[in-house]
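# Chains, contacts and geometry: an overview
Residues per chain are reported as follows:
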Amino acid sequence: MTTLSWTPTRRRLTDTLRAAAAPFCACVLALGGLATWTASGNAGSPPRIGVTDAQLFLPAPGVPRTAAFFRITNTGGAQDRLIEVTSSAVAEGISLSRHRMTGRGAGSRQLADSLPVPAGGTLDMSPFTSDVTVPATARWRAGDLVPFTLRFEHSGRVETIAVVVRPGDR
């Protein structure tokens, strides 16, 4: 009986490396894709959005705009974004805003394309953080109910009703 021993030759090593290259590249590509997917906030359970504490400030006489505030909770495992707010009680001109506090208690308002709602977290709008800027309607009175539709990047539309309140009552 003869025993054959395997000896590494240039040809055998080249063939082995070629055979291992395809599975190795597939694993690297899959790992890179999963890392990108996870880093972009798409891993885990989908976002689950809830809207509470919806309030609309009673507009001051002669002031063309007012603000609406919502508490938006995401109990899901992925981030979402508030991308649009509409209302059947307002013709048009509703916008999202961020507030930046500057020195000595002054603040500035910046338009925003969207507002993030973190996974497992809350977007709690206030006069110091963010709001929905709404064209004022003179017919609103304290206690009135105003319907809003909030549209999210992943969760779609969520309907809610805001209560008109005096700014000091918030």
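The structure under discussion appears in the preceding block.
A brief report on the enclosed structure follows. Every value quoted in this text rests on a predicted model; they were computed, and no experiment measured them.

## Considerations on the overall build of the protein chain
Each helix and strand in the protein chain was counted, giving 1 helix and 10 strands. A compact globule built from 170 residues should have a C-alpha radius of gyration of about 15 Å, whereas the protein chain, at 27 Å, is more than 25% larger. The principal-axis extents of the C-alpha atoms in the protein chain amount to approximately 105 × 35 × 25 Å. Residues counted as buried form 31% of the 170 residues belonging to the protein chain. At a minimum sequence separation of 6, the contacts of the protein chain that also span at least 24 residues come to 66%. Accessible surface, the protein chain as shown: approximately 10800 Å² in total, 58% of it carbon and sulfur. Taking the 18 positively charged and 12 negatively charged side chains of the protein chain as two groups, their mean positions are separated by 9 Å.

## Comments concerning the pairing of strand β10 (residues 156–165)
Pairing of strand β1 (residues 49–57) with β10, which is carried by 3 bridges, proceeds in the parallel orientation. Across the sheet, Gln55 pairs through a bridge with Val163, a residue of β10. Linkage of strand β9 (residues 145–152) to β10, two consecutive antiparallel strands, is achieved through a turn of 3 residues.

## A short note on the packing of aromatic side chains
Counted according to the given criterion, the structure contains 2 aromatic pairs. An angle of 80 degrees between the planes, with centres 5.5 Å apart, marks the rings of Phe70 and Phe148 as edge-to-face. One end of the pair, Phe70, is in strand β2 (residues 65–74); the other, Phe148, is in strand β9, and 78 residues separate them in sequence. Exposure remark for Phe70: the relative accessible area of 0% places this residue in the buried category.

## Quick look at the pattern of salt bridges
Two side chains of opposite charge can pair, provided their charged atoms sit close to one another. Summed over all chains, the structure comprises 4 salt bridges. Salt-bridge contacts for Glu84 lead to Arg151; the nearest nitrogen and oxygen are separated by 2.9 Å. Residue Glu84 is found in strand β3 (residues 80–86), and its partner Arg151 is found in strand β9; the two are separated by 67 residues along the sequence. On the accessibility criterion, Glu84 (33% relative accessible area) is partly exposed. Judged by relative accessible area, which is 37%, Arg151 ranks as partly exposed.

## Section: the environment of Gly77
Note that Gly77 resides in the loop between β2 and β3. On a C-alpha basis, the gap between Gly77 and Asp144 in space is 35 Å, while along the polypeptide they are 67 residues apart.

What counts, and at which threshold
- Residues numbered from 1 in each chain as written.
- Predicted model: local features only at pLDDT ≥ 70, side-chain atom pairs only at ≥ 80, totals over all residues.
- Heavy atoms only, no water.
- Helix = DSSP H or I, 4+ residues; strand = E, 2+ residues; numbered from the N terminus.
- Rg over C-alpha atoms; globule rule 2.2 N^0.38 Å.
- Buried < 20%, exposed > 50% of the residue type's maximum accessible area, 1.4 Å probe, protein only.
- Contact = heavy atoms within 4.5 Å.
- Areas by Shrake-Rupley, 256 points an atom, 1.4 Å probe, with all protein chains shown as cover.
- Lys, Arg positive; Asp, Glu negative; His and termini not counted.
- Charge placed at Lys NZ, Arg CZ, Asp CG, Glu CD.
- Pairing = 2+ DSSP bridges.
- Phe/Tyr/Trp six-rings, centres within 6.5 Å; stacked < 30°, edge-to-face > 60°.
- Salt bridge = Lys/Arg side-chain N within 4 Å of Asp/Glu carboxyl O.

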